[in-house]
Amino acid sequence: MGTILILLKLLSAHIIADFFLQFDRLCQGKHEKGANGIIAQVIHALIHAVCAYLLLADWTQWLIPVVIFVTHFIIDTIKIKWHGNNTVGFLVDQLAHVAVIIGLWWSTYADPGFVQASLSTHLHSIKFWAVLMGYMLMLKPSSLLIGMFIRNWTPSNMQSFGMPTAGRWIGYIERVLILTFIITGNIEAVGFLLAAKSIFRFGDLNKAREVKITEYVLLGTLASFTIALLVGFAINAIINN
């Protein structure tokens, strides 16, 4: 069995157990105090261990489901106690579980020489660093540049519209999507993204007859798309050459 296939099976088992087999009643039970909460967490961790063992189908590797059971119980207990159900808690929880799975796969199945050679190849690859730089530029640097560019046109009543940080995150996501479309050779999808954003955002502004705000949002959107397109084309030129 290929080592990458084993890793994908273990990750698939985690997804199945954590999202498809964690029913609402079980999820709520994990947050209860006392014995009921512990029992729910044990059942959830046991589901993870069984899924991993069945999908792996390597019956000699009984230590893998045991480690998954113990670590999943500990990680979930810490998450529930310290982080609750917020975004940070969810991301840290998932990263911890995935790290355990990768560690188990690495120590049991992976060929260290092959993995290290692959990492070395990527870390010395122009494509890797060009793409990484592109995605970094799509986040804070682009946001700061757009903010400075449209500052002089910001309407005085802009703060009364929408959520304070929603626009920034919309910009992050749209630029990441545009860059991904360009790098993967699906540039036509950029048109659908622009059309979808126009329908949802500009429609409401037009109804409100807030011309200044409409033009402000349009200016920011076009600036965001322009930066993403230019960076995407530049990265493609670097990769292809």
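Refer to the structure above for everything that follows.
Here goes a summary of the coordinates provided. Bear in mind the structure is a predicted one, so any value in this text is a computation, not a measurement. (Residues numbered from 1 in each chain as written. Predicted model: local features only at pLDDT ≥ 70, side-chain atom pairs only at ≥ 80, totals over all residues. Heavy atoms only, no water.)

Notes on the pattern of salt bridges
Turning to step 1, where the next piece is worked out: With the rule as written, the count across this model stands at one salt bridge.
Turning to step 2, where the next piece is worked out: In this structure, the salt-bridge partner of D76 is K30, at a minimum N-O distance of 3.1 Å. On the criterion of sequence distance, the pair formed by D76 in helix 4 (residues 63-82) and K30 in helix 2 (residues 24-30) is long-range, its members being 46 residues apart.
Turning to step 3, where the next piece is worked out: What makes D76 buried here is its relative accessible area of 4%. (Salt bridge = Lys/Arg side-chain N within 4 Å of Asp/Glu carboxyl O. Helix = DSSP H or I, 4+ residues; strand = E, 2+ residues; numbered from the N terminus. Buried < 20%, exposed > 50% of the residue type's maximum accessible area, 1.4 Å probe, protein only.)

Points about empty space enclosed by the protein
Turning to step 1, where the next piece is worked out: All chains considered together, the criterion is met by one cavity of 30 Å³ or more.
Turning to step 2, where the next piece is worked out: If you add up the space inside the largest cavity, you get close to 80 Å³.
Turning to step 3, where the next piece is worked out: Taken together, L10, A13, H14, H48, A52, I68, T71, H72, H97, V100 and I101 make up the lining of the largest cavity.
Turning to step 4, where the next piece is worked out: Listing elements by their share of the lining of the largest cavity, those giving two or more residues are helix 1 (3-20), helix 3 (35-56), helix 4 and helix 5 (87-108).
Turning to step 5, where the next piece is worked out: Its residues placed into classes, the lining of the largest cavity shows six nonpolar, five polar and no charged. (1 Å grid on protein atoms, 1.4 Å probe; cavity = no way out; pocket = protein on both sides within 12 Å on 5 of 7 lines; lining within 4 Å. Points joined across faces, edges and corners; volume = space filled by probe spheres on them. Nonpolar A, V, L, I, M, F, W, Y, C, P; charged D, E, K, R; others polar.)

Comments concerning the packing of helix 3 against helix 4
Turning to step 1, where the next piece is worked out: Running from amino to carboxyl end, helix 3 crosses helix 4 at an angle of 145°, the nearest separation of the two axes being 8 Å. Note on packing geometry: the crossing formed by helix 3 with helix 4 is right-handed. Residues I38, Q41, V42, H44, A45, L46, H48, A49, A52, Y53 and L56 of helix 3 form the contact with helix 4, whose own contacting residues are I64, P65, I68, F69, H72, F73, D76, T77 and I80.
Turning to step 2, where the next piece is worked out: Residue composition of the contact of helix 3 with helix 4, grouped by class: 14 nonpolar, five polar and one charged. (Axes fitted to C-alpha atoms, helices over the stretch in contact; angles between N-to-C directions. Left-handed = near helix turned anticlockwise from the far one by under 90°. Contact = heavy atoms within 4.5 Å.)

Comments concerning the packing of helix 7 (residues 126-137) against helix 9 (residues 166-183)
Turning to step 1, where the next piece is worked out: Here helix 7 crosses helix 9 at 155°, and the two axes come no closer than 9 Å. In terms of orientation, helix 7 and helix 9 fall into the roughly antiparallel class. The crossing of helix 7 and helix 9 is right-handed. Between helix 7 and helix 9, the contacting residues are V131, G134 and Y135 on the first element and V176, L179, T180 and I183 on the second.
Turning to step 2, where the next piece is worked out: Considered class by class, the residues forming the contact of helix 7 with helix 9 number five nonpolar, two polar and no charged. (Parallel < 35°, antiparallel > 145°, perpendicular 65-115°, else oblique.)

Some thoughts on unusual backbone geometry
Peptide bonds are mostly trans, and most non-glycine residues show a negative phi.
Turning to step 1, where the next piece is worked out: Despite not being glycine, A57 shows a phi value in the positive range, around 55°.
Turning to step 2, where the next piece is worked out: Position of A57 relative to the elements: it lies in the loop between helix 3 and helix 4.

Let's talk about the environment of A110
Turning to step 1, where the next piece is worked out: One can find A110 in the loop between helix 5 and helix 6 (112-123).
Turning to step 2, where the next piece is worked out: Linking A110 and I4, residues 106 residues apart in sequence, is a C-alpha distance of 8.1 Å.

Some points on the packing of aromatic side chains
Turning to step 1, where the next piece is worked out: Within this structure, the stated rule accounts for four aromatic pairs.
Turning to step 2, where the next piece is worked out: Seen in terms of ring centroids, F128 and W129 are 5.2 Å apart; in terms of plane orientation they differ by 85°. Their pairing is edge-to-face.
Turning to step 3, where the next piece is worked out: In this structure W129 comes out as partly exposed when scored by relative accessible area, which is 46%.
Turning to step 4, where the next piece is worked out: Ring centres 5.2 Å apart and planes at 80° place the aromatic pair W169 and Y172 in the edge-to-face group. Here the residue W169 and the residue Y172 both occupy positions in helix 9, the gap between them amounting to three residues, near one helical turn. (Phe/Tyr/Trp six-rings, centres within 6.5 Å; stacked < 30°, edge-to-face > 60°.)

Here's the deal with the environment of R25
Turning to step 1, where the next piece is worked out: Its place among the elements puts R25 in helix 2.
Turning to step 2, where the next piece is worked out: By relative accessible area, which is 75% here, R25 ends up exposed.
Turning to step 3, where the next piece is worked out: For the pair R25 and A40, spaced 15 residues apart in sequence, the C-alpha to C-alpha distance is 9.1 Å.

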